[in-house]
Amino acid sequence: MFAAERRQLILEMVRANGAVSLRELARVVQTSEVTVRRDVRALEAEGLLDRRHGGAVLPGGFTRESGFPQKSHLATAEKTAIADLAAGFVEEGEAIVVGAGTTTQELARRLARVPGLTVVTNSLLVAQALAHANRVEVVMTGGTLRGSNYALVGSGAEQSLQGLRVSKAFLSGSGLTAERGLSTSNMLSASVDRALVQAAAEVVVLADHSKLGTDTMFQTVPTDVITRLVTDEPAAHDDRAATELQALADQGVQIAVTGASGGATTGSGSPGASGASGTTAGTDAVPARQQRRDVPLPGPRRQVPGAAAGLRSATALGEQNTGAERARVADLRRR
């Protein structure tokens with residue numbers, strides 16, 4: 001395919017879907033992501049589209065949000081893998097909230113098998129995925145239906161969440177950066193997502209690689225509030241995404257990565273990050289068909305200077321005290 005033909009096809013895909021990842025464009029035009037990235041740069045120079053980290057959007061895409069039909073066809077394999085991994089962080093009998101989105105919809109389909117689960121959601125798609133799960137209780141918020149993503153928004157939705165307390169919130173969004181955290185293009189959706197976050201002890205963000213480094217109009221979850229990010233592994237040459245993941249980890253976000261081949265690992269923030277500790281996903285957290293694979297994560301935490309010496313001193317003092325006590329008892333017996 002000639003460059004002009006490739007670029008015309010790329011432009012048609014972006015116009016049809018609103019936003020398309022580089023990985024998907026490369027698959028359709030049957031070339032490398034490096035070549036597609038050059039094509040996207042050329043189309044951007046002509047003002048025909050805007051580049052976003054990991055993909056391309058229509059001009060003015062900073063405030064534009066794709067509807068459900070467009071989103072449902074983007075990064076489908078990545079969303080499935082993310083949902084598989086995220087479901088492993090939900091335990092029997094938990095009460096959780098699940099926000100709106102195509103990735104959270106995939107998660108809901110897997111949660112249908114978790115007994116004793118209570119799911120609070122403002123998403124009709126999430127509720128529909130759980131509608132026939134006999135062992136899962138579904139609680140819908142109130143609110144006004146937003147047809148583009150089948151979500152309930154507005155003051156009714158926010159008021160119905162007041163006084164609610166659950167263990168975890170699972171949210172998606174339009175973009176994720178270490179500087180601003182999770183963001184979305186719609187003000188009403190952002191407001192409800194913030195109310196969902198307020199109800200949860202932990203916040204788990206589900207975001208595929210195309211959203212890493214993308215910043216949109218309305219912040220929903222600041223980085224310091226995010227407990228864990230579940231994402232797919234960026235391409236080997238995608239240095240910007242890798243840098244963004246490292247920056248998130250440095251701020252204490254636990255990173256769970258699942259690759260295209262199904263591998264998965266989890267890790268914590270950088271040394272000294274507040275409230276984070278390194279973990280590796282157990283067998284219950286990763287579906288049986290996935291094979292574990294190592295990915296680069298920050299190094300171990302620093303040890304407190306002098307801690308080992310202090311421990312040795314305390315041990316020696318304990319032994320000295322014990323010896324003195326034994327001598328005193330022997331002396332009493334002789335008397």
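Keep in mind the model is a prediction, meaning the values are calculated, not measured. (Residues numbered from 1 in each chain as written. Predicted model: local features only at pLDDT ≥ 70, side-chain atom pairs only at ≥ 80, totals over all residues. Heavy atoms only, no water.)

J.: Kindly report on the overall build of the protein chain, identifying the contributing residues and their values.
T.: In terms of helices and strands, the protein chain carries eleven helices and 16 strands. Within the protein chain, contacts between residues separated by at least 24 positions form 64% of all contacts whose residues are at least 6 apart in sequence. Of the roughly 16300 Å² that the protein chain leaves accessible, carbon and sulfur atoms contribute 51%. (Helix = DSSP H or I, 4+ residues; strand = E, 2+ residues; numbered from the N terminus. Contact = heavy atoms within 4.5 Å. Areas by Shrake-Rupley, 256 points an atom, 1.4 Å probe, with all protein chains shown as cover.)

J.: Give me the lowdown on the sheet that holds strand β2 (residues 50-52), citing residues and values where you can.
T.: Pairing within the open sheet is antiparallel, and its three strands lie in the order β1-β3-β2. In the strand order of this sheet, the two ends are held by β1 (19-21) and β2, each with one partner. Each strand of the sheet is rotated relative to its neighbour by a mean of 25°, with strand direction disregarded. Here three bridges tie β2 to strand β3 (residues 55-57), and the two strands are oriented antiparallel to one another. Following the sheet pairing, Asp50 is matched in β3 by Val57. (Pairing = 2+ DSSP bridges. Axes fitted to C-alpha atoms, helices over the stretch in contact; angles between N-to-C directions.)

J.: So what about the packing of aromatic side chains? Which residues, and what values?
T.: Here a ring pair, both rings aromatic, is described through the centre-centre distance and the interplanar angle of the planes. For the structure shown, the criterion picks out zero aromatic pairs. Positioned above the aromatic ring of Phe89, the side-chain terminus of Arg228 is 4.0 Å from the ring centre. (Phe/Tyr/Trp six-rings, centres within 6.5 Å; stacked < 30°, edge-to-face > 60°. Lys NZ or Arg CZ within 6 Å of the ring centre and 35° of its normal.)

J.: Summarise a nonpolar patch on the surface; cite the residues concerned and give the values.
T.: Residues Leu124, Met140, Leu145 and Tyr150 make up a contiguous nonpolar surface patch of about 320 Å² in total accessible area. Relative to the elements of secondary structure, Leu145 occurs in strand β7 (residues 144-146). (Patch = residues over 30% accessible without salt bridge, like charges linked within 9 Å, V, L, I, M, F, W, Y side chains within 5 Å. Salt bridge = Lys/Arg side-chain N within 4 Å of Asp/Glu carboxyl O.)

J.: Can you explain the pattern of salt bridges? Please cite residues and give values.
T.: Throughout the structure, instances matching the rule amount to twelve salt bridges. For Arg51, the salt bridge identified is with Glu44, shortest N-O distance 2.7 Å. Residue class for Arg51 comes out partly exposed when judged on its relative accessible area of 35%. Residue Glu44 is classed as partly exposed on the basis of its relative accessible area of 29%. Linking Arg180 and Asp215 is a salt bridge whose minimum nitrogen-to-oxygen distance equals 2.6 Å. Taken together, the residues span a long stretch of sequence, with Arg180 in the loop between β10 (175-177) and β11 (181-184) and Asp215 in the loop between β12 (200-206) and β13 (218-221) at a distance of 35 residues. A relative accessible area of 21% means that Arg180 is categorised as partly exposed. A residue is classified by how much of its surface remains accessible, and Asp215, at 25% relative accessible area, is partly exposed. A cluster of three or more residues bridged by salt bridges with shared partners is formed by Arg23, Glu33, Glu78 and Asp232. (Buried < 20%, exposed > 50% of the residue type's maximum accessible area, 1.4 Å probe, protein only.)

J.: Describe helix α9 (residues 187-198), naming the residues involved and giving the relevant values.
T.: Helix length check: α9 (twelve residues) gives 17 Å between terminal C-alpha atoms against 16 Å at 1.5 Å per residue, within 8%. The complete set of buried residues in α9 reads Ser189, Ala190, Ser191, Val192, Asp193, Ala195, Leu196 and Val197. At the N-terminal boundary of α9, the capping side chain belongs to Asn186, with an oxygen 3.0 Å from the backbone nitrogen of Leu188. (Expected span 1.5 Å × (residues − 1). Polar contact = N/O pair within 3.5 Å; in protein donor to acceptor, adjacent residues only side chain to side chain.)

J.: Help me get a handle on the sheet that holds β10, residues and values and all.
T.: Spatial ordering of the open sheet is given by β10-β11-β13, a layout of three strands whose pairing is antiparallel. Each edge of the sheet is formed by a strand with only one pairing partner; in this case those strands are β10 and β13. Along the sheet, successive strands turn relative to each other by an average axial angle of 40°, direction set aside. Where β11 lies against β13, three bridges are found, and the strand directions are antiparallel. By the bridge assignment for β13, Thr184 is matched with Phe218. Taken strand by strand, α9 contacts β11 and β13, and its axis lies near 20° from that of β13.

J.: Pulling in residues and values, what's your account of the pairing of strand β14 (residues 228-232)?
T.: When you tally the buried positions in β14, you get five out of five residues, the bulk of the element. Residues Arg228, Val230 and Asp232 line one face of β14 and the alternating positions Leu229 and Thr231 line the opposite face, and both faces are buried. One ladder, built from three bridges, connects β12 with β14; its direction is parallel. Paired with Val204 across the two strands is Arg228, which belongs to β14. One ladder, built from five bridges, connects β14 with strand β15 (residues 254-258); its direction is parallel. Bridge pairing in β15 places Asp232 opposite Thr258.

J.: Explain the packing of helix α2 (residues 22-29) against helix α3 (residues 33-45) to me, and be specific about the residues and the numbers.
T.: Following both chains from N to C, one finds α2 and α3 inclined at 105°, their axes separated by 9 Å at the closest point. When the axis of α2 is compared with that of α3, the two are roughly perpendicular. On α3, the residues touching Leu22, Arg23, Leu25, Ala26 and Val29 of α2 are Glu33, Val36, Arg37 and Val40. Per-class residue counts for the contact of α2 with α3 are six nonpolar, no polar and three charged. (Parallel < 35°, antiparallel > 145°, perpendicular 65-115°, else oblique. Nonpolar A, V, L, I, M, F, W, Y, C, P; charged D, E, K, R; others polar.)

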